[in-house]
Amino acid sequence: MDRLSELPDSLIFHIFWSLPMTDVVRTTILSKRWKNLWTTAPYLNFDNAAMGFEEDTKLRNFVDLALLRWNGLRVLKFKFTSGYEFDEPMYLGTDLWVQFAKDKGVEELYLHILFEINDNDDIYWVPQCVYSCSSLKVLSFEDCNLRVYGNVQWNHLKSLTIINGDEVTERVINQILCGSPRLEVLIMSFLDIGENLCIQSTSLKVLSIHRYFQFCAELCWDSELRICTPNLHTLEIKGAPYKKCLLVNVSSLTHATLAFFGLHCFDVYDVDFPGMDTERGLFTSDDFLGDVFCQILSTIQHVENVTLMFCCIKVLGAMIKRCMNSSFPNVKSLQLGFCFNYKLLVGLLESFPQLKKLVLNCIVGFWMHENQESLNFDAKSSLKFEAYPPESFLQLRTVEVIWDEDEDDEVFPFLEFLLKYASNLEKMVFRVRGIMPPKCPSKSLFRASQKLLRMPRSSPTAQLIFCEY
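The present account deals with the structure reproduced in this document. The residue numbers shown here count from 1 along each chain, following its written sequence. Totals for whole chains, interfaces and linings use every residue, but because this is a predicted model, local features are given only for residues with pLDDT of at least 70 and side-chain atom pairs only at 80 or more, for both listing and counting. With hydrogens and water set aside, each side-chain value is computed from the structure's full complement of heavy atoms.

**What about the packing of aromatic side chains?**
Next, step 1: Classification of ring pairs rests on two measures: the distance between centres of Phe, Tyr or Trp rings, Trp counted by its six-membered ring, which must be within 6.5 Å, and the angle between planes, read as stacked under 30 degrees, edge-to-face over 60 and tilted in between. Applying the stated criterion across every chain yields a total of 17 aromatic pairs.
Next, step 2: A ring pair is formed by Trp 17 and Tyr 43, whose centres lie 6.1 Å apart and whose planes are at 65°; its orientation type is edge-to-face. Of this pair, Trp 17 sits in helix 2 (residues 9-17) while Tyr 43 sits in strand 1 (residues 43-47), and the two are 26 residues apart along the sequence. Per residue, the accessibility class of Trp 17 equals that of Tyr 43, and both read buried.
Next, step 3: Ring geometry for Trp 403 versus Phe 412: centroids 5.7 Å apart, planes at 70°, classification edge-to-face.
Next, step 4: Relative accessibility under 20% of the residue-type maximum defines a buried residue, over 50% an exposed one, and the middle range a partly exposed one, all with a 1.4 Å probe and only protein chains included. Take Trp 403: its relative accessible area is 0%, and that puts it in the buried class.
Next, step 5: Among the aromatic residues, ring-to-ring pairing joins Phe 46, Phe 53, Phe 62 and Phe 78 into one connected group.
Next, step 6: We call a charge positioned over a ring when the NZ of a Lys or the CZ of an Arg lies within 6 Å of the ring centre and within 35 degrees of the ring normal. In this structure, Arg 147 packs its charged tip against the face of Trp 125, placed 3.9 Å from the ring centre.
Next, step 7: The ring of Phe 412 has Lys 451 sitting right over it, with the charged end atom 5.4 Å from the ring centre. A run of DSSP states H or I qualifies as a helix once it reaches four residues; a run of E qualifies as a strand once it reaches two. Both are numbered from the N-terminal end.

The structure is reproduced here in structure tokens:
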């Protein structure tokens, strides 16, 4: 039986969406049933990263011919990814393809344009017809610039993603928010050009902001972020910190992620900042990050799920050490990422009295070299964790560790401490993350299991689980 051919068209079209268009067209050779099936598919996936056209002319001809053959009723999903950097800008044809998708009532549009950039004129600008496409529900741009003339008419848009946008200005964002009354998910990764950013929306539920800057850092350091989103559930703020970060009316927030980088991650070596070691290009003072952090912490202390990455862990630890008000009485899940001072980490956990799940992402990145002496942990020294009351960890139920194969053994004394004092612990999951070139994760898992299984456990029901990440 040809069970694949017996599937309903709607299910086959979903399968088509997961395939590059070249493979979809090849289904015409299977049988009479498949001969023209692709020409009515409402999902068109021109992902050149999978199709593999290395010449822009061949890619353009293929897309043109496929759209010419297509005779369906609607294009519900349309994706174009150039996949390669071409000498000639692909927007010569992309605008026509986008207009085609709009005329067919497209609901999901994905654009990712790559080519060799010689000047700003070569950067792909999203065509104006997109802003008046009222049928859109999901929209994703990567390596595209936005410039709006007139009003945005995205009355049904639910999700918007902007990755590596070079012209994400406050004016454009305000136009988008005003023209997207139903927008629930907004994800932005953009190059800051020195403008403030204001996010004000009653419909947003998920907001992710990843800000980075290069070359014009002296213009960007004074930028301010203001967020007023009463129905927001999930908030992520990543990259370069803003000078001021004001969260107004975020009472519905349940998940918060803070991942601030130090200045040495950016091209700012020729710029003077307070706390900047200009000879090494390192940010040696926590004062600036501490001020930014205090502004945010005072408004997210009610959340239940918190993720802290990069410099945020160090700054929060310094704030606790200075006896500043940084308690999180409602946090039940905490994820900490990258390099740790485990002595400091134990004290930090005291600020999360209701913590039930702890995730440690243990990997040392180049951005953590700043002030490394204060972050290093001497595994040979005796850990005086006894100074911390065991009752601080009575609520802890789950611990998950994501560990690199080449990672030092610094985490094990801390895990031994948790096994000793977390008397209600139910499980500890130890995951080994592979590196390139890949090694044998089983050897690392075996070594880790030998260490942990020898450690005493105060919780008789605690399970130790070992697996690959």
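Continuing now.
**A few points about the nonpolar core**
Next, step 1: In this structure, Phe 46, Phe 78, Ile 199 and Leu 415 are the most contacted members of the largest nonpolar core, which totals 127 residues.
Next, step 2: At 8 residues, helix 12 (residues 411-421) tops the list of elements feeding residues into this core.
Next, step 3: Whether two residues are in contact is decided by their heavy atoms: any pair within 4.5 Å suffices. When residues no more than four places from it in sequence are discounted, the contact partners of Phe 78 are Trp 17, Leu 44, Phe 46, Leu 67, Trp 97, Ala 101, Val 106, Glu 108, Leu 109 and Tyr 110. Grouping buried Ala, Val, Leu, Ile, Met, Phe, Trp, Tyr and Cys residues that are joined through side-chain atoms within 4.5 Å yields what is termed a nonpolar core.

**Comments concerning the pattern of salt bridges**
Next, step 1: Think of a salt bridge as a Lys or Arg side-chain nitrogen and an Asp or Glu carboxyl oxygen that are within 4 Å of each other. With the rule as written, the count across this model stands at 8 salt bridges.
Next, step 2: Of the charged contacts, one joins Arg 33 and Asp 9 as a salt bridge, the two residues approaching to 3.0 Å between their closest N and O atoms. Here Arg 33 is found in the loop between helix 3 (21-26) and strand 1, whereas its partner Asp 9 is found in helix 2, with 24 residues between them in sequence.
Next, step 3: Here Arg 33 falls in the partly exposed class, since its relative accessible area comes to 32%.
Next, step 4: Classification of Asp 9 by relative accessible area gives partly exposed; the value is 35%.
Next, step 5: The partner of Arg 26 in a salt bridge is Asp 23, with the nearest N and O atoms 2.6 Å apart. A residue pair is termed a helical-turn pair when its members lie 3 or 4 positions apart in one helix, as Arg 26 and Asp 23 do in helix 3 at 3 residues.

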